[in-house]
Amino acid sequence: MRLLLRETALAFRRAPLPSALSVVTIAFSLFVIGLYGLVTVNIHDAIGSVARRVEVVAYLQRGTPVETVETAMADVQAFPEVESVRHVSSAQALARAQRELPEFQSIFQDLEANPLPASLEVRLKPRYRDAASAAAVADRLRSFSFVDDVRFGGDWVAKLDRLRTIAGAVGAVIGAAFALVGIMIIGTTIRMAVLHRREEITIMRLVGATDGFIRRPFLLEGLIKGLLGGALALGLCYGAWALVNTYLLRAAFFTGAEAAAGIAAGGLLGLGGSLFSIGRHLRSV
Amino acid sequence: MIKFIHVTKEYPKGAALVDVSFHILKGEFCFVTGHSGAGKSTALRLIYMAERPTSGDVRVSGFVSARGGRDIPRLRRRLGIVFQDFRLLQERTAEENVAFALEVTGARRSTVGPRVMRVLTQVGLAGKARQYPRELSGGEQQRVAIARALVNDPIVLLADEPTGNLDERATRGIFQLLRDINASGTAVILATHDLDLVRSVPAHLIELQHGAVVYDSAEDGGPAAGEGEP
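Residues numbered from 1 in each chain as written. Chains lettered and ligands numbered in written order. Predicted model: local features only at pLDDT ≥ 70, side-chain atom pairs only at ≥ 80, totals over all residues. Heavy atoms only, no water.

J.: Explain the nonpolar core to me, using residue names and the numbers behind them.
T.: Residue and element names in this part refer to chain B. With 57 residues, the main nonpolar core has F31, I146 and L178 as its most contacted residues. Excluding anything up to four places from it in sequence, I146 contacts V82, V123, I174, L177, L178 and I181. Formed by 32 residues, the second largest nonpolar core is a distinct cluster that contains I2, M49, V58 and A187. (Core = buried A, V, L, I, M, F, W, Y, C linked by side-chain atoms within 4.5 Å. Buried < 20%, exposed > 50% of the residue type's maximum accessible area, 1.4 Å probe, protein only. Contact = heavy atoms within 4.5 Å.)

Here you go:
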């Protein structure tokens, strides 16, 4: 172990510039992937915030007894898709309309009776905020005898579904392309480090080093370069995010777990790239 | 100890060795000679199993070429190998170059220093242990390479044109060192086209021409080199 650490440290000390360049190359590859990740996180957040508005509203017949409504609310709350259900009385509906539609104030004042029905506003759990689930819940609500009508904005929920599908597909394709390019750049960087030391590898073999012995310092070196590159990429992403957040628009940054996963991914890429490069080199000599 | 049994080695460009058979005994000093391209280096590469024969068998102290694979590092720890171009790690000092060969075998740290100094003393470079290869002359660099080859107490030292890059004085020094090593019991196989060296001492002589053995003193009644024309 001591020898392994010494050999790895020696590799960095003997070639500080190539090592630093490797780390910077890895960092910039991961930075591009990280920027893409930030865009994805924010698009996901934006779609999520729109999806939170997916709501199924059941309008109730006038004179429905409160006990009946309360029993029905308990039933609806038990639907697997339902996150919450709220009863809005006709008086509350009118108050809300007066508050939200001030331009119709005169009409509201001329009313002799409240024309707005009471309703049940049903919010869906995040994973059920799509057109099919909303329609299924709406159908079940219609089956209650005291429900007059059910609305859930089927058209815009369907559009939201489409937007989500397109964002997901485009995200997967671009993400895969970025990741592939990143992996190739990192692989090439590490391959160059291996080639830089091919004479040393040849000598190690001639004096009887096993392939495992030769491989270990390269793997540790790749892991360390990957982790350093990942940390540097995270710093660059933070800088880019801070600029956007300050001068352009409010945006979300990675959570702690996502940031840690990014650095770990850098380490894994470094390790994987080294494993591949040194393995290929050892097979070829 | 080292046996070639009907060994042929072919490359895409042509055959380097054709039906070669010879036997080198424990503790021998053996010259492998022949002009450039005769197959000397190929024969040595087959001994340290950097190459496998196309046909036939190479046996080195119980290791068989047909088996190869995982056994090769273990075999190489029992061999010392020296090249014309020294093959030293330029970023390491003389003692680090020698220690490196010990460390890859997993030798205990406490034994590395004394063993390194012992072999550097043996090759006459104890005073230059902390110098880098670029600070040493060609002859001194070759001595470091020999020290590295000796540090694992090999059963045989393979030297491929070890004096090819050296002046006459350095050549004599290195050759004398190889003879001293042989005198202490280690077999030495020296591939060279320097006939003056070959003639200077009685030794087992194998001469190759176009990949075939054209003369083997062992087949001809014992050591012949130094006793006249082969």
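We are not done yet, so read on.
J.: Go over the domain arrangement of chain A with me, naming the residues and quoting the values.
T.: Examined at the domain level, chain A breaks down into domain 1 (2–49 + 161–284) and domain 2 (57–151). Centre-to-centre separation of domain 1 of chain A and domain 2 of chain A, based on C-alpha positions: 52 Å. (Domains from an automatic or database assignment.)

J.: Tell me what's going on with unusual backbone geometry, and back it up with residues and numbers.
T.: All names here are of chain B. Within the chain, F86 stands out as a residue other than glycine whose phi angle is a positive 65°. Relative to the helices and strands, F86 is located in the loop between β6 (79–83) and α3 (94–103). You can call F86 buried: its relative accessible area is 9%. Even without being glycine, H210 reaches a positive phi, approximately 50°. Considering the arrangement of structural elements, one finds H210 in the loop between β9 (204–209) and β10 (212–216). The exposure class assigned to H210 is exposed, which follows from its relative accessible area of 61%. (Helix = DSSP H or I, 4+ residues; strand = E, 2+ residues; numbered from the N terminus.)

J.: Hey, could you go over the sheet that holds β6(B) for me, with residue numbers and the actual values?
T.: Residue and element names in this part refer to chain B. Here six strands make up an open sheet; going across it, the order is β6-β7-β8-β3-β9-β10 and the pairing mixed. In this open sheet, the two strands that pair with only one neighbour each are β6 and β10. With strand direction ignored, the average angle separating the axes of adjacent strands in the sheet is 20°. When strand β7 (residues 156–160) meets strand β8 (residues 187–192), the two strands line up parallel, connected through five bridges. Bridge pairing in β8 links A159 to L190. Against the sheet, helix α5 (residues 138–150) contacts β6 and β7, and its axis sits at roughly 165° relative to β6. (Pairing = 2+ DSSP bridges. Axes fitted to C-alpha atoms, helices over the stretch in contact; angles between N-to-C directions.)

J.: Pulling in residues and values, what's your account of the pattern of salt bridges?
T.: Taken as a whole and assessed by the stated rule, the structure comprises 22 salt bridges over all chains. Measuring nitrogen to oxygen at the nearest pair gives 2.7 Å for the salt bridge that ties E81(A) to R140(A). Taken together, the residues span a long stretch of sequence, with E81(A) in the loop between α3 (66–77) and β2 (82–88) and R140(A) in helix α6 (residues 131–142) at a distance of 59 residues. Using a relative accessible area of 29% as the deciding quantity, one classes R140(A) as partly exposed. Two residues, E83(A) and R129(A), come together in a salt bridge whose shortest N-O distance is 3.5 Å. You can see E83(A) sitting in strand β2 and its partner R129(A) sitting in the loop between β3 (119–124) and α6, a full 46 residues away along the chain. Judged by its relative accessible area of 7%, R129(A) falls in the buried class. One salt-bridge network, held together by shared partners, links R197(A), E200(A), E221(A), K225(A) and R92(B). (Salt bridge = Lys/Arg side-chain N within 4 Å of Asp/Glu carboxyl O.)

J.: Got a sec to walk through the packing of α5(B) against helix α6 (residues 168–183) of chain B? Specific residues and values, please.
T.: The description of two packed helices rests on the angle between their axes and on the distance between the axes. All names here are of chain B. One can describe the packing of α5 onto α6 by two numbers: an axis separation of 10 Å at closest approach and a directional angle of 15°. Between α5 and α6, the interaxial angle falls into the category roughly parallel. Like other packed secondary-structure pairs, α5 and α6 cross with a definite hand, here right-handed. Two secondary-structure elements touch here, α5 through G139, Q142, R143, I146 and L150 and α6 through A170, G173, I174, L177, L178 and I181. For the contact of α5 with α6, a count of residues per class yields seven nonpolar, three polar and one charged. (Parallel < 35°, antiparallel > 145°, perpendicular 65-115°, else oblique. Left-handed = near helix turned anticlockwise from the far one by under 90°. Nonpolar A, V, L, I, M, F, W, Y, C, P; charged D, E, K, R; others polar.)

J.: How would you sum up the pairing of strand β2 (residues 14–24) of chain B? Please name residues and give values.
T.: Residues and elements named next belong to chain B. Relative to β2, strand β1 (residues 2–11) is paired through seven bridges, and the arrangement is antiparallel. Paired with V7 across the bridge in β2 is V20. Here β1 folds back onto β2, and the loop between the two strands holds two residues.

J.: If you had to explain the domain arrangement of chain B to someone new, which residues and values would you point to?
T.: All names here are of chain B. Domain annotation for chain B reports domain 1 (22–78 + 154–230) and domain 2 (88–153). Between domain 1 and domain 2, the C-alpha centre-to-centre distance is 23 Å. Our count for the contact surface shared by domain 1 and domain 2 stands at zero salt bridges. Applying the counting criterion to the domain 1 and domain 2 interface returns two residue pairs in polar contact (both at pLDDT 80 or more). No other element matches the six residues that α6 contributes to the side of domain 1 that touches domain 2. A per-class count over the side of domain 1 that touches domain 2 returns 10 nonpolar, one polar and one charged. (Polar contact = N/O pair within 3.5 Å; in protein donor to acceptor, adjacent residues only side chain to side chain.)

J.: How would you explain the environment of K128(B) if you had to name every residue and give the values?
T.: Residue and element names in this part refer to chain B. Mapping K128 onto the fold places it in the loop between α4 (109–122) and α5. With 43 residues separating them in the primary sequence, K128 and T171 have C-alpha atoms 19 Å apart. Those residues within four positions of K128 in sequence are excluded, and the remaining contacts are A94, L136 and E140.

J.: Just give me the short version of a nonpolar patch on the surface, but keep the residues and values in it.
T.: Residues and elements named next belong to chain A. Together, V32, I166, V170, V173, I174 and F178 make up a nonpolar patch on the protein surface, roughly 490 Å² of accessible area in all. Examining the composition of the nonpolar patch, we find that five residues originate from one element, helix α7 (residues 154–196), more than from any other. Mapped onto the fold, V32 is located in helix α2 (residues 16–51). A residue is classified by how much of its surface remains accessible, and V32, at 38% relative accessible area, is partly exposed. (Patch = residues over 30% accessible without salt bridge, like charges linked within 9 Å, V, L, I, M, F, W, Y side chains within 5 Å. Areas by Shrake-Rupley, 256 points an atom, 1.4 Å probe, with all protein chains shown as cover.)

J.: Could you give an account of the interface of chain A and chain B, naming the residues involved and the relevant values?
T.: Accessible area lost on assembly of the parts is the figure often given for the size of an interface. Chain A puts 18 residues into the contact, and the matching count from chain B is 18 residues. Both sides together, the interface formed by chain A and chain B hides about 1,600 Å², and carbon and sulfur atoms give 63% of it. Together, I203(A), L206(A) and V207(A) form the three largest contributors to the area buried by chain A at its contact with chain B, with a combined 38%. Taken together, chain A and chain B are joined by one salt bridge. Our enumeration of links across chain A and chain B arrives at three residue pairs in polar contact (both at pLDDT 80 or more). In terms of residues, the side of chain A that touches chain B owes the most to one element, helix α8 (residues 198–206) of chain A, which gives seven residues. Of the residues contributing to the side of chain A that touches chain B, the split by class is eight nonpolar, three polar and seven charged. (Buried area = accessible area lost by both parts, 1.4 Å probe.)

J.: I'd like to hear about the sheet that holds β2(B), residue by residue, with values.
T.: Within a beta sheet, neighbouring strands are joined by backbone hydrogen bonds and run either parallel or antiparallel to one another. Residues and elements named next belong to chain B. Read from one edge of the open sheet, four strands run β2-β1-β4-β5, paired in antiparallel fashion. Two strands bound the open sheet, and with one partner strand each, they are β2 and β5 (63–64). Pairing of β1 with strand β4 (residues 55–60) involves five bridges; the strand directions are antiparallel. Residue pairing across strands places F4 opposite V58, the latter belonging to β4. Lying over the sheet, helix α1 (residues 40–47) contacts β1, β2 and β4, oriented at roughly 120° with respect to β1.

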